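Read off the chains here:
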Amino acid sequence: MTSQTSRAWLLSAPALVLFAVLLLTPLAMTFVLSFNSFDFYGGIGNDLSLANYAEVLGDSYFYEIFWRTFLIALITTVICAAIGVPQAYILYRMSPFWRSITVLIVIGPLLISVVVRTLGWAILLGNKGVINTALTNIGLIERPIRMMYTSGGIVLALVHVMVPFMVLAVWAALQRQDPATEAAAESLGARPRTIFFRIVLPQAIPGVLSGSLIVFSLSASAFATPAILGGRRVKVVSTTVYDEFLNTLNWPLGAAIAMLLLVAVLAVMLSWNRLVERRYGEVFE
Amino acid sequence: MAFLELHGLTKRFGDFAAVDDLTFTVERGSFVSLLGPSGCGKTTTLQMVAGFETPTEGKIILDGKDLSGIPARERGLGIVFQTYALFTHMTVEENVGFGLEMRKVSRAERKRRVADALDLVHLSHLGNRYPRQMSGGQRQRVALARALVIEPQLLLLDEPLSNLDAKLREEMQLELRRIQREANVTTLMVTHDQSEALALSDSIVVIDHGRLRQDATPFDVYETPQSSFVSRFLGKSNNFSARLESAGPDGSKLVCGSLDLQGPRVDLAPGPVEIALRPERITLVGADAGQLRGTVAERVFMGNQWLLRIETEIGDMLVMRYNTGRAEAEQGATVGLSWKPEDIRILPAEETSA
Ligand SMILES: Nc1ncnc2c1ncn2[C@@H]1O[C@H](COP(=O)(O)OP(=O)(O)OP(=O)(O)O)[C@@H](O)[C@H]1O
Ligand SMILES: [Mg+2]
């Protein structure tokens, strides 16, 4: 028993070392940094205080950024669920041949860099972009609709990036369910619609919940998409951190914002998980 | 007219006939088993009756009504799936009540009927549990209650006991029969387990490669198998090829290897045949008595009985003896084998299957 435990530790050691060096160390350094003071002329001071946190928490400007970030993440998650669940169900019902092709199409975008995909959206959404030009040319609009540098544009592109994660999570949940349950419901007199809403969907809920968790946390901390489509005008938390580090050079303040984002996302994830466990713990494994 | 009739039912997947010209009937209130080896088309047959598969040819008539074209949800059959297919996100009561809800049965009546159904399967105390919190045997009962609560004309069971361990399976066999009798529902069960079929059924339909091999009561299927396949599939059997020399009203004469044998009267023409002899019909006698002499090659003690493999000049013979409290012949001992001529079954020589 104990030898097994120690062997388990030994075997996970390389991964643990990697984890410690590449994740925990920078995280710890950022954490410490967030308590340091900063002066425009003197640079980073070595003293420790809560001043940075006080500055962020006391400024409505930052509240607005956090609020916007989480709203974008939430709306992205909801839209991803609305698109991903039917898509996963269609995938689940496909014949194996078409399914393998469709899976490739679904996860294909993940093989292309987020930056490239987002730049694609920039080309489409710009004031002189493809969509606006087309709409103007066919005479539907006179002045271009503003889509670049809006939260809506960011949500649109984020949904495009995140949907595959939702589809895969829901599809996995659908595959875990016994296909005979649908036949059972049918034999008991249920119509296809009822079968979907009363039998299939509820059993896929764990997948929707875990997919939402992934999509939400990735969206809340996304950088490339809001940086390209939001620019300076529509700031989210991660782009604010970037600006503090690289433009203002106020590293401690940037570190404090980053820590707050981490804590906030972590809090949302944990409470979400708790909720799911409490609600579904006795129903699903 | 029988309650359920299958006429020339055939299902082809491409060129392959999974079910081939199957015809049999099920009487109202009876318990019929479809028995056959894995892949012989049992599930496919059941799926066609249930309405999940469309027959390629033939028809199914239930209570005088042709079922073709009627979708599964309108057939009103109770089905217990091999995996039980319980709705994991619903409690036991919700599972059982689902069929009634679909039938728009009022809430009060639904409650009463669900309680009755759970009572029938002895699960009244677990109505609020989720399937995941139950044992295999309990889940099995929930599936049964869910199928029975809609008062189906016909209950279909697909290997209902195959997911249970041996001891539970025996208990559930008795339970299943009790529940079926109490609910008085015509039942068609699929199984590949011959002992289950023998124990539960009023009548057994043996199929192989999608074809009907025999349709009779358990006793008749076991006692008078009509083919080598049936004799070997149900219970243990010693089968040898032989020649039928003559068949008269008082019995028949057979030659098996160098052995001359007496057999019961039979309706076959003289020629090559197969003879079958059940292990439990053979008695061990002194080495020089009996019809055949052999050496005990193996001896297995099984508690209530002994199983012996005896090497003889016509081939290996399995012999089963009840444990009467004294040791049977030792390994290596020479023994005589004796049986009554009427215990021999004479079967048509197995056609060399294509
Ligand atoms: N959809 C299908 N397409 C092609 N062949 C099929 C299909 N369904 C079943 N078969 C074939 O038909 C035959 C009968 O299948 P079936 O499921 O009825 O067997 P079974 O008697 O229930 O076997 P088991 O005891 O293993 O459940 C098998 O050989 C199977 O491979
Ligand atoms: Mg089967």
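If you're wondering where the values come from, they're calculated on a predicted model, not measured in any experiment.

S.K.: I'd like a rundown of the overall build of chain B, residues and numbers included.
M.R.: Secondary structure assignment for chain B yields nine helices and 20 strands. Projecting the C-alpha coordinates of chain B onto the three principal axes gives extents of approximately 75 × 50 × 35 Å. Across chain B, the fraction of contacts at a sequence separation of at least 24, relative to all contacts at a separation of at least 6, is 67%. Summing over all exposed atoms, chain B offers an accessible surface of approximately 16400 Å²; the carbon and sulfur share of this is 47%. Within chain B, the 48 negative side-chain charges are centred at a point lying 6 Å from the centre of the 41 positive side-chain charges.

S.K.: Can you tell me about the packing of aromatic side chains, naming the residues and giving the values?
M.R.: Applying the stated criterion across every chain yields a total of 14 aromatic pairs over all chains. For the pair A:F35 and A:Y53, a centre-to-centre distance of 5.4 Å together with 45 degrees between the ring planes defines the contact as tilted. With A:F35 in the loop between α1 (2-33) and β1 (36-39) and A:Y53 in helix α2 (residues 51-57), this pair connects stretches of sequence that are 18 residues apart. For the pair B:F52 and B:F81, a centre-to-centre distance of 6.3 Å together with 40 degrees between the ring planes defines the contact as tilted. Taken together, the residues B:F52 in the loop between α1 (42-50) and β4 (57-62) and B:F81 in the loop between β6 (78-80) and α3 (92-102) connect sequence positions 29 residues apart. Under the relative-accessibility criterion, B:F52 is labelled partly exposed at 23%. Through pairs of rings, three or more aromatic residues link up here, namely A:Y89, A:Y92, A:F196 and A:F197. Between the NZ or CZ atom of B:R146 and the centre of the ring of B:F87, over which it lies, the distance is 4.5 Å. In this structure, B:R278 packs its charged tip against the face of B:Y222, placed 3.8 Å from the ring centre.

S.K.: How would you explain the domain arrangement of chain B if you had to name every residue and give the values?
M.R.: Residue and element names in this part refer to chain B. Partitioning chain B into structural domains gives domain 1 (4-227) and domain 2 (229-351). Taking the mean C-alpha position of each, domain 1 and domain 2 sit 37 Å from one another. Facing 19 residues of domain 1, the contacting portion of domain 2 comprises 14 residues. When domain 1 packs against domain 2, close to 1400 Å² is buried across both sides, 62% of that on carbon and sulfur atoms. For the domain 1 face of the interface with domain 2, the top three residues by lost area are Y222, E223 and S227, together amounting to 41%. Run the count over domain 1 and domain 2 and you get two salt bridges. Of the charged contacts, one joins E223 and R281 as a salt bridge, the two residues approaching to 2.4 Å between their closest N and O atoms. Linking domain 1 with domain 2 are eight residue pairs in polar contact (both at pLDDT 80 or more). Considering each element in turn, the side of domain 1 that touches domain 2 owes the most residues, four residues, to strand β9 (residues 203-208). A breakdown of the residues in the side of domain 1 that touches domain 2 according to their chemical character gives nine nonpolar, seven polar and three charged.

S.K.: Just give me the short version of the interface of chain B and chain A, but keep the residues and values in it.
M.R.: Facing 23 residues of chain B, the contacting portion of chain A comprises 23 residues. Of the roughly 2200 Å² buried between chain B and chain A on both sides combined, carbon and sulfur atoms contribute 60%. In this structure, the connection of chain B to chain A is made through one salt bridge. Residue A:R198 is joined to B:E101 by a salt bridge in which the shortest nitrogen-to-oxygen separation is 2.6 Å. Taken together, chain B and chain A are joined by five residue pairs in polar contact (both at pLDDT 80 or more). For the side of chain B that touches chain A, the secondary structure elements donating two or more residues are α2 (72-75) and α3 of chain B. The element best represented in the side of chain B that touches chain A is α3(B), accounting for four residues. The residue makeup of the side of chain B that touches chain A, split by class, is 13 nonpolar, five polar and five charged.

S.K.: Report on the site of ligand 1, specifying residues and quantitative values.
M.R.: Residues and elements named next belong to chain B. In the region of ligand 1, the neighbouring residues are F13, F16, A18, S38, G39, C40, G41, K42, T43, T44 and E159. In this structure, an oxygen atom belonging to ligand 1 sits 2.7 Å away from a main-chain N or O atom of G39. The protein chains hide 60% of the 630 Å² of surface that ligand 1 would expose on its own. Every element with two or more residues in the shell around ligand 1 is listed here: β2 (16-26) and α1. In terms of residue count, the dominant contributor to the shell around ligand 1 is α1 (three residues).

S.K.: With reference to specific residues and values, describe the nonpolar core.
M.R.: Side chains of a nonpolar character, in soluble globular proteins, are inclined to be buried together. B:V96, B:F98, B:L156 and B:L188 are the most contacted members of the largest nonpolar core, which totals 111 residues. Broken down by element, the residue count for this core peaks at 13 residues, all from helix α7 (residues 151-176) of chain A. Within the second largest apolar cluster, 26 residues are counted, among which are B:L259, B:W306, B:I314 and B:A329.

S.K.: Before we move on, could you go through α3(B) and cite the residues and values that matter?
M.R.: All names here are of chain B. Within α3, eight of the eleven residues are buried, which leaves the element mostly enclosed by the surrounding structure. Every buried residue of α3 is accounted for by V92, N95, V96, G97, F98, G99, L100 and M102. A positive backbone phi angle near 60 degrees is found at K104, which sits one or two residues after α3.

S.K.: Give me the lowdown on the pairing of strand β1 (residues 4-13) of chain B, citing residues and values where you can.
M.R.: Residue and element names in this part refer to chain B. For β1, the buried fraction is high: seven of the ten residues fall into the buried class. With seven bridges joining them, β1 and β2 adopt antiparallel strand pairing. Bridge pairing in β2 links L6 to F24. Two successive antiparallel strands, β1 and β2, enclose a turn made up of two residues, where G14 displays a positive phi of approximately 65 degrees. Relative to β4, β1 runs antiparallel, the two being bridged by five bridges. Along β4, the bridge assignment pairs L4 with L62.

S.K.: Report on the sheet that holds strand β13 (residues 259-263) of chain B, specifying residues and quantitative values.
M.R.: Residue and element names in this part refer to chain B. Within the open sheet, the five strands sit side by side as β13-β12-β11-β14-β20. Their pairing is antiparallel. Since the sheet does not close on itself, it has two edges, and those belong to β13 and β20 (345-348), each with one partner. Neighbouring strand axes in the sheet, compared pairwise and without regard to direction, differ in orientation by 45 degrees on average. Where strand β14 (residues 271-277) lies against β20, four bridges are found, and the strand directions are antiparallel. Paired with E274 across the two strands is L347, which belongs to β20.

Rules and cut-offs
- Residues numbered from 1 in each chain as written.
- Chains lettered and ligands numbered in written order.
- Predicted model: local features only at pLDDT ≥ 70, side-chain atom pairs only at ≥ 80, totals over all residues.
- Heavy atoms only, no water.
- Helix = DSSP H or I, 4+ residues; strand = E, 2+ residues; numbered from the N terminus.
- Contact = heavy atoms within 4.5 Å.
- Areas by Shrake-Rupley, 256 points an atom, 1.4 Å probe, with all protein chains shown as cover.
- Lys, Arg positive; Asp, Glu negative; His and termini not counted.
- Charge placed at Lys NZ, Arg CZ, Asp CG, Glu CD.
- Phe/Tyr/Trp six-rings, centres within 6.5 Å; stacked < 30°, edge-to-face > 60°.
- Buried < 20%, exposed > 50% of the residue type's maximum accessible area, 1.4 Å probe, protein only.
- Lys NZ or Arg CZ within 6 Å of the ring centre and 35° of its normal.
- Domains from an automatic or database assignment.
- Buried area = accessible area lost by both parts, 1.4 Å probe.
- Salt bridge = Lys/Arg side-chain N within 4 Å of Asp/Glu carboxyl O.
- Polar contact = N/O pair within 3.5 Å; in protein donor to acceptor, adjacent residues only side chain to side chain.
- Nonpolar A, V, L, I, M, F, W, Y, C, P; charged D, E, K, R; others polar.
- Near = heavy atom within 4 Å.
- Core = buried A, V, L, I, M, F, W, Y, C linked by side-chain atoms within 4.5 Å.
- Pairing = 2+ DSSP bridges.
- Axes fitted to C-alpha atoms, helices over the stretch in contact; angles between N-to-C directions.

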